[in-house]
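# Survey of secondary and tertiary structure
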Amino acid sequence: MPRIFRQELIVSADAIDEFRHVNNQRYIAWMQEVATAHSAANGWPMERYLGIGAAWVVRSHFIEYLRPAFAGDALDIDTWASSLALREVTRKYRFRRADQLLARAETKWVYVDIKSGRPKRIPEELLASFVALPDDDPELAAANQQ
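This report concerns the structure included in the present document. Worth saying up front: this structure is predicted, and the values here are computed from it rather than measured.

## A word on the environment of Phe 19
Tracing the backbone through its elements, the reader meets Phe 19 in the loop between β1 (5–10) and α1 (24–41). Phe 19 sits 100 residues away from Pro 119 along the chain, and the two C-alpha atoms are 39 Å apart.

Here it is, written out as structure tokens:
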């Protein structure tokens, strides 16, 4: 069960906007895709959530863009849980091209009951599948060097 999950991708031409770099909406889509993949890698694919009538919804996104990405770039997207609460998880992300940090981001995800749409307590079994990594965790520093 990976604490830090990495997804690699090649930027496709359809991710590029009129300014010839990756459109900001693609970063948000990638954040959702990598979060979903990390959850599945830790034993929680979407089907499992749907089976128990629960899902994650976004409360907020924050993205800090540092450098642009372009068509054909090979990117590494890292994600991890930085805090786990009763009904909410904060997930962080790093977007890198080789040794360059392109962007860093954060999403607050709220666990909800699908039928009511209301926040609900995260089950212990789900919480046990993830570990919150504080910003100064040595594993984050090591992953940054890879």
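## Details of the pattern of salt bridges
Counted under the stated rule, the structure contains 13 salt bridges. Its salt-bridge partner being Arg 48, residue Glu 125 comes within 2.5 Å of it at the nearest N-O pair. Taken together, the residues span a long stretch of sequence, with Glu 125 in helix α3 (residues 124–127) and Arg 48 in helix α2 (residues 46–51) at a distance of 77 residues. Among the ionic pairs, Asp 135 bridges to Lys 92, the shortest N-O distance being 2.8 Å. Residue Asp 135 is located in the loop between α3 and α4 (138–145), and its partner Lys 92 is located in strand β4 (residues 88–97); the two are separated by 43 residues in the primary sequence. Residue classification places Asp 135 among the exposed residues on the basis of a relative accessible area of 57%. Sharing partners across several salt bridges, the network here consists of Arg 6, Asp 78, Arg 94 and Arg 96.

About the thresholds
Residues numbered from 1 in each chain as written. Predicted model: local features only at pLDDT ≥ 70, side-chain atom pairs only at ≥ 80, totals over all residues. Heavy atoms only, no water. Helix = DSSP H or I, 4+ residues; strand = E, 2+ residues; numbered from the N terminus. Salt bridge = Lys/Arg side-chain N within 4 Å of Asp/Glu carboxyl O. Buried < 20%, exposed > 50% of the residue type's maximum accessible area, 1.4 Å probe, protein only.

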